Every structure is written in structure tokens, then in C-alpha cells.
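Understanding the architecture of this molecule
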Amino acid sequence: MSQPAFWVVIPAAGVGSRMRADRPKQYLQVAGRCIIEHTLDCFLDHPTLAGLVVCVAADDPYWPGLPCASDPRIQRAPGGRERCDSVLSGLQRLGLLGAADQDWVLVHDAARPNLAREDLDKLLHELAADPVGGLLAVPARDTLKRADADGRVAETVDRSVIWQAFTPQMFRLGMLRNALGAALGDGVPVTDEASAIEWAGYSPKLVEGRADNLKVTRPEDLRWLAQCWNTGRQ
Ligand code: CTP
Ligand code: MG
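Just so it is clear, the structure is predicted and the values come from calculations on it, not from any experiment.

Before going further, it helps to spend a moment on the UniProt feature "site: Transition state stabilizer" (unreviewed entry) in the chain. The sites that carry the UniProt feature "site: Transition state stabilizer" (unreviewed entry) are, in the present numbering, R18 and K25. Residue position: R18 is located in the loop between β1 (6-11) and β2 (29-30). The partly exposed category is assigned to R18, whose relative accessible area is 45%. Using a relative accessible area of 11% as the deciding quantity, one classes K25 as buried.

Structure follows, in C-alpha cells:
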């Protein structure tokens, strides 16, 4: 199956509290540019990209100064209180741009700039004919323990069935917008798109990706990334 056309939504309206920096982490510099500029580059020259929306906080003073803010391939949507609110806003913007309910949309964290092209292509390829969609994920590596209330090991969990959910997460625009809207309306906490789709009764497909598709969350992640790119990107 050849690769399908796809839209991208990049939630970028977080404050990055765990990073404890002087600005939201997507605007921190690494390898000469902001994290979000590297993230956008993972998609912008892809041959089957239909369009891209970045969800930015209304009072964000950093975005307008970036060269990518005036790139005609990139549209802006308002961010929301939680990540899921930002994503829903981006999905609504896609509708206004002419995206159809059956179109694929990939949601990808602004703070995840090390997405390899091979992973993006693998996701598009493996899900092209899928009725539900899915996400890049990585099987758990370490032995996992379930803790009791005293912080002692209650049991060892079967690692072989545990995966870490990464992004991009790829679903049909209509299905995702409906699932996310309904979950939010019901007050269900959704930390990723797959959770909303699961809540709607579907089973997203896990597509194994690279472990280095890291979300920059804490200061040591940025140091790791700088070192990783210093020694030859990907
Ligand atoms: N995000 C967003 N809107 C929000 C919260 C988060 O668009 N209201 C985005 C972030 O900008 C980030 C992605 O969602 O690209 C993943 O979220 P996370 O890593 O939690 O980022 P922050 O919320 O910014 O960080 P923290 O939780 O440490 O405050
Ligand atoms: Mg957060």
C-alpha cells in the first residue's frame, strides 16, 4: 500500500513546567534552532503532507518571531487549557482548511523533535488501510513493578504486554474529533488521542517505533538530545 495523504496537528501550547526553564520548552534552543522548528521539519517536506496546524497559546510571545510563523504551509490554531483541548482546536481548524472526515490526521507533540523519517513512513505505511488507526509506541524495556500504598513492590508486571505510547498518533479526522469531543464533554481525562479512541470503543494499532523519539520533558532530556545530534543526527 502506498502512503496516504495526511494532515498534521502539533499541540504547542504547554508551559513546560517540568523543564523549569525561562520559557516553554518548545522554544528552547538545540543545535542552533528551537525545538519546535526541528519538530516541524520532520513533516514539512514530506511528499504526502496535505497541511499542518500548530496550536499555540493566545498570549504566546515566542511563536510570532519564528520564521516558521510566516511559512504558508503552516496554519495557527488557538491552544487550550489541556493538551487535549489544544488538539481539538487544531482538528477544528483542519475542518476549516478543507480536510474531510475520512482524511488521516497525525497528532505529534511539539516537544518531540527527534522523529525519524523512517518511523513516520512506517506509521503511514502500516496504517494506510487500517479501519481505526494507531500510534508509534515502544515496548517496555525494563522489568516493571506494581507498587502498593507503602511504596513496596506488590507484584512484577508482565512486561511483554506493556508499551509506551509515543506520537505521532494517526486517526481519521472525523473519528478523532468525535471521540475527543465526546470524551471531553463527559469529563474523561485523555492524555493522548488513542485514549479518546479507546474510550469510544475502538482498538488503536501499536506500531513499533524507535526509542529515541523522545519527548523533551526534563532538563536532562535536552542535554541528551544535544549530545545525540552532536554525534550525528539519527
Ligand atoms: N500542550 C498543549 N496544550 C496544553 C498542554 C500541552 O498544546 N494545554 C502540548 C505541549 O506544548 C507539548 C505536548 O502538548 O508539545 C506534550 O505535553 P507535555 O510534554 O506535557 O508539555 P507541557 O505541558 O508543556 O509540559 P509540562 O507538563 O511539564 O508542564
Ligand atoms: Mg503537560
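What follows continues from the structure just given.
For the rest of this paragraph, the subject is the UniProt feature "site: Positions MEP for the nucleophilic attack" (unreviewed entry) in the chain. Listed under "site: Positions MEP for the nucleophilic attack" (unreviewed entry) in the UniProt record, and renumbered for this structure, are R159 and K215. The topology assignment puts R159 in the loop between β9 (153-157) and β10 (163-172). For R159, a relative accessible area of 39% puts it in the partly exposed group. Looking at where K215 falls in the secondary structure, it is placed in the loop between β11 (205-208) and α6 (219-230).

A separate point is the packing of aromatic side chains. Under the counting rule described, the total for this entry stands at one aromatic pair. Its end group placed over the ring of F166, R112 keeps NZ or CZ at 4.9 Å from the ring centre. Looking at R172, its charged tip hangs above the ring of W104, at a distance of 3.9 Å from the centre.

To continue, consider the environment of C55. Its location among the elements puts C55 in strand β4 (residues 49-56). When its relative accessible area of 0% is taken as the criterion, C55 is described as buried. Ignoring anything within four residues of it in the chain, the contact list for C55 reads V9, I10, P11, A12, A13, A77, P78, G79, S86 and G90.

Right, let's get into the site of ligand 1. Close contacts around ligand 1 come from 19 residues, with G16, S17, K25, S86 and K215 the closest. In this structure, an oxygen atom belonging to ligand 1 sits 3.0 Å away from a main-chain N or O atom of P11. Contact distances for ligand 1 include 2.8 Å between an oxygen atom and a side-chain N or O atom of K25. Class assignment of the residues belonging to the shell around ligand 1 gives a composition of six nonpolar, six polar and seven charged.

The seven strands lie next to each other as β5-β4-β1-β6-β10-β7-β11, forming an open sheet whose pairing is mixed. Of all the strands in the sheet, just β5 (74-78) and β11 have a single pairing partner and so form its edges. Averaged over all pairs of adjacent strands, the angle between their axes in this sheet comes to 30°, without regard to strand direction. By the bridge criterion, five bridges tie β4 to β5 in an arrangement that is parallel.

In terms of strand pairing, strand β8 (residues 144-147) meets β9 through four bridges, oriented antiparallel. Paired with L144 across the two strands is V157, which belongs to β9. The antiparallel hairpin formed by β8 and β9 contains five residues in its connecting segment, where G151 sits at a positive phi of about 75°.

Basis of the calculations
- Residues numbered from 1 in each chain as written.
- Chains lettered and ligands numbered in written order.
- Predicted model: local features only at pLDDT ≥ 70, side-chain atom pairs only at ≥ 80, totals over all residues.
- Heavy atoms only, no water.
- UniProt positions renumbered as here; feature names shortened; annotations may be inferred.
- Helix = DSSP H or I, 4+ residues; strand = E, 2+ residues; numbered from the N terminus.
- Buried < 20%, exposed > 50% of the residue type's maximum accessible area, 1.4 Å probe, protein only.
- Phe/Tyr/Trp six-rings, centres within 6.5 Å; stacked < 30°, edge-to-face > 60°.
- Lys NZ or Arg CZ within 6 Å of the ring centre and 35° of its normal.
- Contact = heavy atoms within 4.5 Å.
- Near = heavy atom within 4 Å.
- Polar contact = N/O pair within 3.5 Å; in protein donor to acceptor, adjacent residues only side chain to side chain.
- Nonpolar A, V, L, I, M, F, W, Y, C, P; charged D, E, K, R; others polar.
- Pairing = 2+ DSSP bridges.
- Axes fitted to C-alpha atoms, helices over the stretch in contact; angles between N-to-C directions.

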